[in-house]
Amino acid sequence: MRILVCGGAGFIGSHTCTVLAERGHELVIADSFVNSSPRVEGRLEAILGHAPACHRVDLLDRGAVAALFACERFDAVIHFAALKAVGESCERPLDYFDNNIAGTIHLLQAMRAAGVGRLVFSSSATVYGDPDTVPVCEDAALRVSNPYGRSKLVMEQLIGDLCTYDPGFQAVNLRYFNPVGAHPSGLIGEDPGGIPGNLMPYICQVAVGRRERLEVFGGDWPTVDGTGVRDYIHVMDLARAHADALDFLFRERRSATVNLGTGRGTSVLQLVRAFGRASGREIPHRIVARRAGDVAEVYADPSLARSLLGWQAELDIDAMCRDAWRWQSMNPDGYGDEPAAGTAAHATASRRVPDQVSEAIAGG
Ligand code: UDP
């Protein structure tokens, strides 16, 4: 099948591209490169032996999205393209609503106009907020606690309404728990701009010497060792789930919302120790105050993904740490001093993406 991967140059999108290509799908990546590197394209070429088609398209540009669908034919869409930093979303909520929600509306409009009725959507366990019980099932109460989470929930709801009222439209919402790790080649991985907000990239940057020490947010949570517990999932397992979700959509022609996690919780200190073993480096850390908005313990009930998609996670914490470390040690500066989004240099870097369709779009 011919798949449009929106946000295909990002962390989860790029890994999903490798799995889709290995399964014989033809890929077209659309990415704004606001939060991702144009160098991903070359890395994918090195992994796959050919470069996937890659267009610089911002979903906020309704005309460009429509032009993309006018120039290309797609059987389905996987939608990763969204801003995802919780802290930033609290500072700039309207930017998050605009980029994530308006961008999704433009994509859905273009899909509908082109008669493309299959969507896999990148959602998040953040929609559960602080759950009443663990493991978390898909029918747990939805209670978001920040604008990022709100944007994910609203996007799920918009997509859900289309699924309800348009018989030609089906979608799978995938609620990710905590994606970590990297492709086993070490050529693609997670490269957050600025100070990492998430635990694993922070640990990686401490291990590689870019940061002095990890601050562990709270040592007095009601958990196994007092530190926060999460369900870390290897990004290659996650990537495989997207290909399985596409198969589900074409096989069953119905919509679904499923959790993607391992079903196992790991504490901050357990992850720090596992990373130390994988990297052979000590991870300096100290316990500090809790982070506002954090919760003690969240892990998935992944049984629905197994029964509906035939998917389950296969890679353990040691594999996640080993692959994250391979990526970080091979690429200490990530994709290599990519300038921060929004700078003139970044715009220049983005323009390097070879792009016939974008030129057609720009030229009308
Ligand atoms: N965490 C931490 N130090 C950091 C970043 C995260 O101790 O620099 C903790 C955080 O409090 C939580 C866990 O690591 O218990 C996972 O945090 P992350 O932000 O990666 O995921 P989320 O909290 O969104 O599930």
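Quantities reported herein were computed from a predicted structural model and do not represent experimental measurements.

Q: How should I be thinking about the state of the cysteines in this particular structure?
A: Cysteine pairs can be covalently joined through their sulfur atoms, and such a bond is termed a disulfide. Evaluation of the coordinates by the stated rule reveals 0 disulfides. A disulfide-free cysteine, Cys6 has its sulfur positioned 11 Å from the sulfur of Cys17, the nearest such atom. Taking relative accessible area as the criterion, Cys6 reaches 1% and is therefore assigned buried.

Q: Got a minute to help me understand the confidence of the model for the chain in this structure?
A: This prediction gives the chain a mean pLDDT of 93; 92% of its residues lie at or above 70. The low-confidence segment residues 338-354, where pLDDT is below 50, has 24 contacts with residues more than four positions distant or belonging to other chains.

Q: Sorry, what's going on with the site of the ligand here?
A: Around the ligand lies a shell of 14 residues, among which Glu215, Phe217, Arg230, Arg291 and Asp294 are the nearest. Taken by itself the ligand offers 510 Å² of open surface, and the protein chains cover 87% of this. With 4 residues, the single largest contributor to the shell around the ligand is strand E8 (residues 214-217). A class-by-class count of the residues in the shell around the ligand yields 6 nonpolar, 4 polar and 4 charged.

Q: Explain the environment of Val172 to me, please; I cannot follow it from the model alone.
A: Here Val172 is to be found in strand E6 (residues 170-176). Val172 sits 93 residues away from Gly265 along the chain, and the two C-alpha atoms are 25 Å apart. In contact with Val172, other than residues within four places in its own chain, are Leu119, Val120, Phe121, Ala245, Phe248, Leu249, Ala256 and Val258.

Q: How do you make sense of the pattern of salt bridges when you look at a structure like this?
A: Side chains bearing opposite charge may pair, as long as their charged atoms lie close to each other. Counted according to the given criterion, the structure contains 22 salt bridges. With a shortest N-O distance of 3.9 Å, Arg213 and Glu212 are connected by a salt bridge. In this structure Arg213 comes out as partly exposed when scored by relative accessible area, which is 30%. Of the charged contacts, one joins Arg290 and Asp220 as a salt bridge, the two residues approaching to 3.0 Å between their closest N and O atoms. You can see Arg290 sitting in the loop between strand E13 (285-288) and helix H10 (303-309) and its partner Asp220 sitting in the loop between E8 and strand E9 (229-230), a full 70 residues away along the chain. For Arg290, a relative accessible area of 42% corresponds to the partly exposed category. One connected set of salt bridges, linked through shared partners, spans Arg2, Glu26 and Glu72.

Q: Whenever I open this one, unusual backbone geometry confuses me. Can you help?
A: Negative phi is the rule for most residues except glycine; trans is the rule for most peptide bonds. Of note, the amide linkage connecting Val134 to Pro135 takes the cis form, showing an omega dihedral of -5°. Structurally, Pro135 can be placed in the loop between strand E5 (118-124) and helix H6 (147-165). For Phe33, which is not glycine, the phi torsion reads 60° and is therefore positive. Note on placement: Phe33 falls in the loop between strand E2 (26-31) and helix H2 (40-48). The exposure class assigned to Phe33 is buried, which follows from its relative accessible area of 1%. Residues other than glycine seldom take positive phi values, yet Arg253 does so here, at roughly 50°.

Cut-offs applied
- Residues numbered from 1 in each chain as written.
- Predicted model: local features only at pLDDT ≥ 70, side-chain atom pairs only at ≥ 80, totals over all residues.
- Heavy atoms only, no water.
- Disulfide = S-S within 2.5 Å.
- Buried < 20%, exposed > 50% of the residue type's maximum accessible area, 1.4 Å probe, protein only.
- pLDDT = per-residue confidence, 0-100.
- Contact = heavy atoms within 4.5 Å.
- Near = heavy atom within 4 Å.
- Areas by Shrake-Rupley, 256 points an atom, 1.4 Å probe, with all protein chains shown as cover.
- Helix = DSSP H or I, 4+ residues; strand = E, 2+ residues; numbered from the N terminus.
- Nonpolar A, V, L, I, M, F, W, Y, C, P; charged D, E, K, R; others polar.
- Salt bridge = Lys/Arg side-chain N within 4 Å of Asp/Glu carboxyl O.

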